[in-house]
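Overview (structure and organization)
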Amino acid sequence: MTDITNTPAVTNEAQLGDYFALMKPRVMQLVVFTVLVGMLAAPTSVHPVVGFAAILFVAIGAGASGALNMWWDADIDAVMRRTSKRPIPAGKVEPGEALALGVALSGLSVMMLGLAANLLAAAMLAFTIFFYAVIYSMWLKRATPQNIVIGGAAGAFPPVIGWIIATGSFSVEAWLMFTLIFMWTPPHFWALALFMRSDYDDAEVPMLTVTHGRPSTRRHILAYTVLLAILAVGTGFSAIGGYIYLSVAVILNVFFLMGAYRIWQRDEVMAEVDNYLAERKFFRLSLYYLFLHFGAILLEATLRPWGLGGW
Amino acid sequence: MGIRAEHEIHGRRKGRNIGVGLMLGGFVLLVMVLTFVKITDTDFTRAPGTANPAPSAEATD
């Protein structure tokens, strides 16, 4: 006699947490933070309820694009060590379920953001979801080593959306925040690709390390970090900057440049000796780098009403 | 061997259903509060697309 628990479909039945994992909660955290900073750095104030709802809907939109990405990339996720435990390759969620969840939540989040904030913010969110799910995941990721460079724009749109939620329009400051994330993404992921040695090779994803080699990747990291440092410090002189931001930016960028220079000086033999220590340190610093830059912008905006933030 | 009325799978599904129910309830509540804020914040005496009227003389006195 067959017991009901012997059927794989029943034993592997997805829990709520598995659907939540499809939405890439760690990416959602970053999105929530950068949307909040974009919204509060804007010169116009937002009603707290409207602001809360708008951020929630942007986070749901980001989660939806994450689910669509996991649906499309399930085959390569299964090959890569870093992603093999994601809900679809782990057999917890069916690919069709991820697709349905992604499409449904995309529609819901865009519609609700339009109602809660404004149509321009909703259009920008729709474009961001399209950019991440279609342009990055479907077109670029497996086709070009520039996947990370161009695809990084998807992660850079949230502060612009936050700004539009507050003001209903674009501005130079919003695009400075966009460029900060856009320029930060390539060195961040290339450092990861350097020490996650075989992952991208196994999955045949054309990362720069695979197509142009590791010495070229090291040169690219240094070049992008120099450009990023100029931009990050330059942002300090704009309307969203101030003494606090400028101090944070100068200190962080000195350390970031030193890290990139160290990576550029090394070769694979040196890196293997200490198990990619410099690359790992640079990657860890890059996480703090973005958080602290946006934290400083937030602090400037929060202190401004008391005459302390900004110039 | 008969099927028991309450299987372990039912317990797990119950947890998932309660979670979905709470999220839907939260969504309804959020839309309600958002609607209230939008209605109370909107000046319905003004024609759409026009600027806020300047404060009247009485109001500034």
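Procedures and definitions
- Throughout, residues of each chain are indexed from 1 in the direction in which the sequence is written.
- Each chain takes a letter, starting from A, and each ligand takes a number, starting from 1, following the order in which they are written.
- Note on the predicted model: pLDDT of at least 70 is required for a residue's local features to be given, and 80 or more for side-chain atom pairs to be given and counted; whole-chain, interface and lining totals, by contrast, use all residues.
- Working from all heavy atoms in the structure, the side-chain values ignore hydrogens and water.
- Here a strand is any run of E in DSSP of at least two residues, a helix any run of H or I of at least four, and the numbering for each starts at the N terminus.
- Our radius of gyration looks at C-alpha atoms and nothing else; its globule reference is 2.2 Å times the residue count to the power 0.38.
- Burial here depends on accessible area, computed with a 1.4 Å probe over protein chains only, as a share of the maximum for the residue type. Under 20% is buried, over 50% is exposed, and the range in between is partly exposed.
- What makes two residues a contact is simply this: any of their non-hydrogen atoms within 4.5 Å.
- Only the protein chains shown count as cover for residues, and the accessible areas themselves come from Shrake-Rupley with a 1.4 Å probe.
- As used throughout, domain bounds are those supplied by an automatic or database domain assignment.
- By convention, the term buried area covers the 1.4 Å-probe accessible surface removed from two parts as they join, with the contributions of both added.
- Each reported salt bridge corresponds to a side-chain nitrogen of Lys or Arg within 4 Å of a carboxyl oxygen of Asp or Glu.
- Two N or O atoms form a polar contact when they lie within 3.5 Å of each other; inside protein one atom must be a possible hydrogen donor and the other a possible acceptor, and for residues adjacent in sequence the pair counts only when both atoms belong to side chains.
- Only residues whose relative accessible area exceeds 30% and that take part in no salt bridge are eligible for patches, with like-charged residues grouped when within 9 Å of each other and nonpolar side chains (Val, Leu, Ile, Met, Phe, Trp, Tyr) grouped when within 5 Å.
- Geometry is summarised by axes, namely lines fitted to C-alpha atoms with helices restricted to the contacting stretch, and by angles between N-to-C directions that run from 0 to 180 degrees.
- To sort the angles, those under 35 degrees are grouped as roughly parallel, those over 145 as roughly antiparallel, those from 65 to 115 as roughly perpendicular, and the leftovers as oblique.
- Take the far helix as your reference; a near helix turned counterclockwise from it by less than a right angle gives a left-handed crossing, and one turned clockwise gives a right-handed crossing.
- Put simply, Ala, Val, Leu, Ile, Met, Phe, Trp, Tyr, Cys and Pro go in the nonpolar bin, Asp, Glu, Lys and Arg in the charged bin, and everything else, Gly too, in the polar bin.
- For Phe, Tyr and Trp, rings pair up if their centres lie within 6.5 Å, where Trp contributes its six-membered ring, and each pair is then called stacked (planes under 30 degrees apart), edge-to-face (over 60) or tilted (otherwise).
- One number per residue, pLDDT, summarises how confident the predictor is, and it ranges from 0 to 100.
- Given the number of residues in a helix, its expected span is that number minus one, multiplied by 1.5 Å.

**Quick word on the overall build of chain A**
Within chain A, the regular secondary structure consists of 16 helices and zero strands. Computed over the C-alpha atoms, the radius of gyration of chain A is 21 Å, within 12% of the 19 Å expected from 2.2 N^0.38 for a compact globule of 311 residues. Its C-alpha atoms put chain A at 75 × 55 × 30 Å along the principal axes. For chain A, the proportion of its 311 residues judged to be buried stands at 54%. A separation threshold of at least 6 residues defines the contact pool for chain A, and within that pool the share at least 24 residues apart is 73%. In the structure as shown, chain A presents an accessible area of about 13,700 Å², 69% of it carried by carbon and sulfur atoms.

**Digging into the domain arrangement of chain A**
Many analyses report the size of an interface as the accessible area lost when the parts associate. Residues and elements named next belong to chain A. What the domain assignment reports for chain A is domain 1 (15-169) and domain 2 (171-311). Placing a centre on the C-alpha atoms of domain 1 and another on those of domain 2 gives a separation of 21 Å. Counting each side, the surface lost to burial between domain 1 and domain 2 is near 2,800 Å², with a carbon and sulfur contribution of 79%. On inspection of domain 1 and its partner domain 2, the count reaches zero salt bridges. At the junction of domain 1 and domain 2, the tally comes to one residue pair in polar contact (both at pLDDT 80 or more). Contributing elements (two or more residues each) for the side of domain 1 that touches domain 2: helix H3 (25-41), helix H5 (74-79), helix H8 (147-156) and helix H9 (158-167).

**Focus: a nonpolar patch on the surface**
A surface patch of nonpolar side chains, about 440 Å² in accessible area, is lined by Val-250, Ile-251, Val-254, Phe-255 and Met-258 of chain A. Position of Ile-251 of chain A among the secondary structure elements: in helix H14 (residues 243-265).

**What to know about the packing of H9 of chain A against helix H10 (residues 172-195) of chain A**
Two packed helices can be described by the angle between their axes and the distance between those axes. Residue and element names in this part refer to chain A. Close contact between H9 and H10 brings their axes to 8 Å; oriented N to C, the two are set at 160°. Between H9 and H10, the angle is such that the two are roughly antiparallel. Considering how the two elements wind past one another, H9 and H10 form a crossing that is right-handed. Contacts between H9 and H10 involve Pro-159, Val-160 and Trp-163 on the former and, on the latter, Glu-173, Ala-174, Trp-175, Met-177, Phe-178 and Ile-181. In the contact of H9 with H10, the residues fall into eight nonpolar, no polar and one charged.

**Examining the packing of aromatic side chains**
All names here are of chain A. On inspection of all chains with the given rule, the structure shows 16 aromatic pairs over all chains. Their ring planes at 90° and their centres at 6.5 Å tell us that Phe-130 and Trp-139 sit as a pair that is edge-to-face. Phe-130 gets classed as partly exposed once you look at its relative accessible area, which sits at 37%. Among the aromatic residues, those joined into a cluster by ring pairs are Phe-127, Phe-131, Phe-157, Phe-170, Trp-175, Phe-178 and Phe-182.

**As for the confidence of the model for chain B**
When pLDDT is averaged along chain B, the result is 77; 62% of the residues meet or exceed 70. Counted against residues more than four places away or in other chains, residues 57-61 of chain B, with its pLDDT under 50, gives one contact.

**With respect to the interface of chain B and chain A**
Listed as interface residues are 17 residues of chain B and, on the opposing side, 22 residues of chain A. In total, chain B and chain A occlude about 1,700 Å² of area from one another, counting both sides; carbon and sulfur atoms represent 70% of this. At the junction of chain B with chain A, the criterion picks out zero salt bridges. Along the contact surface separating chain B from chain A lie two residue pairs in polar contact (both at pLDDT 80 or more). In terms of residue class, the side of chain B that touches chain A is made up of ten nonpolar, two polar and five charged.

**Brief notes about helix H4 (residues 48-72) of chain A**
Three or four residues apart is the spacing at which side chains of an α-helix point the same way, because the helix has 3.6 residues per turn. Taking 1.5 Å per residue as the helical rise, H4 of chain A with its 25 residues ought to reach 36 Å, and the 36 Å between its terminal C-alpha atoms agrees with that figure. Burial analysis of H4 of chain A places 19 of its 25 residues in the buried class, which makes it a mostly covered element.

**As for the confidence of the model for chain A**
Interpretation of this model should avoid reading the predicted coordinates in detail wherever pLDDT is low. Chain-level statistics for chain A give a pLDDT mean of 90 and a share of 95% at 70 or above. Between residues 4-10 of chain A, whose pLDDT stays under 50, and residues either more than four places distant or in other chains, the model counts six contacts.

**Some details on unusual backbone geometry**
Residue and element names in this part refer to chain A. Positive phi outside glycine occurs at Lys-24, with the angle close to 50°. Tracing the backbone through its elements, the reader meets Lys-24 in the loop between helix H2 (16-22) and H3. Residue Lys-24 is classed as buried on the basis of its relative accessible area, which comes to 13%. Despite not being glycine, Tyr-276 has its phi angle at roughly 60°, a positive value. Residue Tyr-276 is classed as buried on the basis of its relative accessible area, which comes to 3%.

**Quick word on the pattern of salt bridges**
Applying the stated criterion to the full structure yields ten salt bridges over all chains. Bridged by salt links that share partners, the residues Arg-214, Arg-218, Arg-266, Glu-268, Asp-274 and Glu-279 of chain A form one connected network.

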